[in-house]
Amino acid sequence: MLFRSLAPGAHGANRTGRVFTGDSSGDWLFRALHEAGFANQPHSTRRGDGLTLHDAWVSASVRCAPPDNKPARVEILACRPYLERELALLPRLRCIVALGRLAFDNYLDILRARGAIASRAPFAFAHLAEFHPAPATPVLLASYHPSQQNTSTRRLTRDMLAAVFARAAAIIGE
């Protein structure tokens, strides 16, 4: 299982050195990962805090906190080799959960560049949308990002995030 996001948070991962660690998005993510059986504890405050992930890898599309959480296309492209390498290192990957539209589009752009899909057009981002992009590619699940903006406005609720992770667990269990 690969969980993809936008970028490290300025006051979370940029400060702690681990994606989603030490910020409100991480509070939501790690609680949901724990409840779905992907993490041994429901929180991550710093590296070395005992967090262990099971059948899961958490990553970001962009490797540094972009201004206003809006990375430029050049930043996305500059960071793409890291995602390509992660995908190569996860050969048994069965599911990718894209946390937010940017992560979703970034993965589809990689598939398009590889020739696995002709266009992103058939893939409409929506919370809990599920796609089988091409033979021999992981299932792609879309989720709203657990950002403070999305969670405080209830665009994303705990139940909604739990439903995504439950579906992801079912996919890798199939």
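Please read these numbers as outputs of a predicted model, since none were measured by experiment.

Caption draft 1: Quick peek at the pattern of salt bridges. For the coordinates displayed, the defined rule picks out 7 salt bridges. Its salt-bridge partner being Arg-73, residue Asp-109 comes within 3.4 Å of it at the nearest N-O pair. In this pair, Asp-109 is assigned in helix 4 (residues 101-114) and Arg-73 in helix 3 (residues 73-89), connecting sequence segments 36 residues apart. Under the relative-accessibility criterion, Asp-109 is labelled buried at 4%. For Glu-84, the salt bridge goes to Arg-114, with nearest N and O atoms at 2.9 Å. One end of the pair, Glu-84, is in helix 3; the other, Arg-114, is in helix 4, with 30 residues separating them in the sequence. Using a relative accessible area of 48% as the deciding quantity, one classes Arg-114 as partly exposed. A single network of salt bridges, built from pairs that share partners, joins Arg-73, Arg-80, Asp-105, Asp-109, Arg-112 and Arg-120.

Caption draft 2: Structural detail: helix 3. Compared with the 24 Å implied by 1.5 Å per residue over 17 residues, the 25 Å span of helix 3 between its first and last C-alpha is a close match. The largest bend in helix 3 is about 35°, located at Cys-79, with the proline Pro-81 one to four residues further on. For helix 3, the full list of buried residues reads Ile-76, Cys-79, Arg-80, Leu-83, Glu-86 and Leu-87.

Caption draft 3: Structural detail: the nonpolar core. Residues Phe-3, Leu-33, Leu-87, Val-97, Phe-104, Leu-140 and Phe-165 are the most contacted members of the largest nonpolar core, which totals 43 residues. Broken down by secondary-structure element, the contributors of at least two residues to this core are strand 1 (2-5), helix 2 (24-35), helix 3, strand 3 (95-99), helix 4, strand 5 (139-143) and helix 6 (158-173). Ranked by residues supplied to this core, first place goes to helix 4 with 6 residues. Setting aside residues up to four positions removed in sequence, Phe-165 forms contacts with Phe-3, Leu-29, Ala-32, Leu-33, Ala-36, Phe-38 and Val-97.

Caption draft 4: Main features of unusual backbone geometry. Although it is not a glycine, Asp-55 sits at a positive phi angle of roughly 55°. By relative accessible area, Asp-55 is classed as exposed at 59%. Even without being glycine, Arg-154 reaches a positive phi, approximately 65°. Of note, Arg-154 is situated in the loop between helix 5 (148-152) and helix 6. Arg-154 sits in the exposed class, given a relative accessible area of 60%.

Caption draft 5: Main features of the environment of Ala-136. Examined against the element boundaries, Ala-136 turns out to sit in the loop between strand 4 (130-131) and strand 5. Here the alpha-carbon distance between Ala-136 and Pro-71, two residues 65 residues apart in the chain, equals 30 Å.

Caption draft 6: Fine view of the packing of aromatic side chains. This structure, assessed with the given rule, holds 4 aromatic pairs. Aromatic side chains Phe-104 and Phe-125 sit 5.3 Å apart centroid to centroid with 70° between the ring planes, which places their arrangement in the edge-to-face category. Highlighted residues: Phe-104 in helix 4 and Phe-125 in the loop between helix 4 and strand 4, separated in sequence by 21 residues. With respect to class, Phe-104 is no different from Phe-125; both count as buried.

Caption draft 7: Quick look at the packing of helix 2 against helix 6. The contact between helix 2 and helix 6 brings their axes to 9 Å, and the two run at 50°. One way to sum up the angle between helix 2 and helix 6 is to call them oblique. Like other packed secondary-structure pairs, helix 2 and helix 6 cross with a definite hand, here right-handed. From helix 2, Trp-28, Leu-29, Arg-31, Ala-32 and Leu-33 reach across to helix 6, where they touch Arg-158, Leu-161 and Phe-165.

What counts, and where the lines are drawn
Residues numbered from 1 in each chain as written. Predicted model: local features only at pLDDT ≥ 70, side-chain atom pairs only at ≥ 80, totals over all residues. Heavy atoms only, no water. Salt bridge = Lys/Arg side-chain N within 4 Å of Asp/Glu carboxyl O. Helix = DSSP H or I, 4+ residues; strand = E, 2+ residues; numbered from the N terminus. Buried < 20%, exposed > 50% of the residue type's maximum accessible area, 1.4 Å probe, protein only. Expected span 1.5 Å × (residues − 1). Bend = angle between axes of the 7 residues up to and from the residue. Core = buried A, V, L, I, M, F, W, Y, C linked by side-chain atoms within 4.5 Å. Contact = heavy atoms within 4.5 Å. Phe/Tyr/Trp six-rings, centres within 6.5 Å; stacked < 30°, edge-to-face > 60°. Axes fitted to C-alpha atoms, helices over the stretch in contact; angles between N-to-C directions. Parallel < 35°, antiparallel > 145°, perpendicular 65-115°, else oblique. Left-handed = near helix turned anticlockwise from the far one by under 90°.

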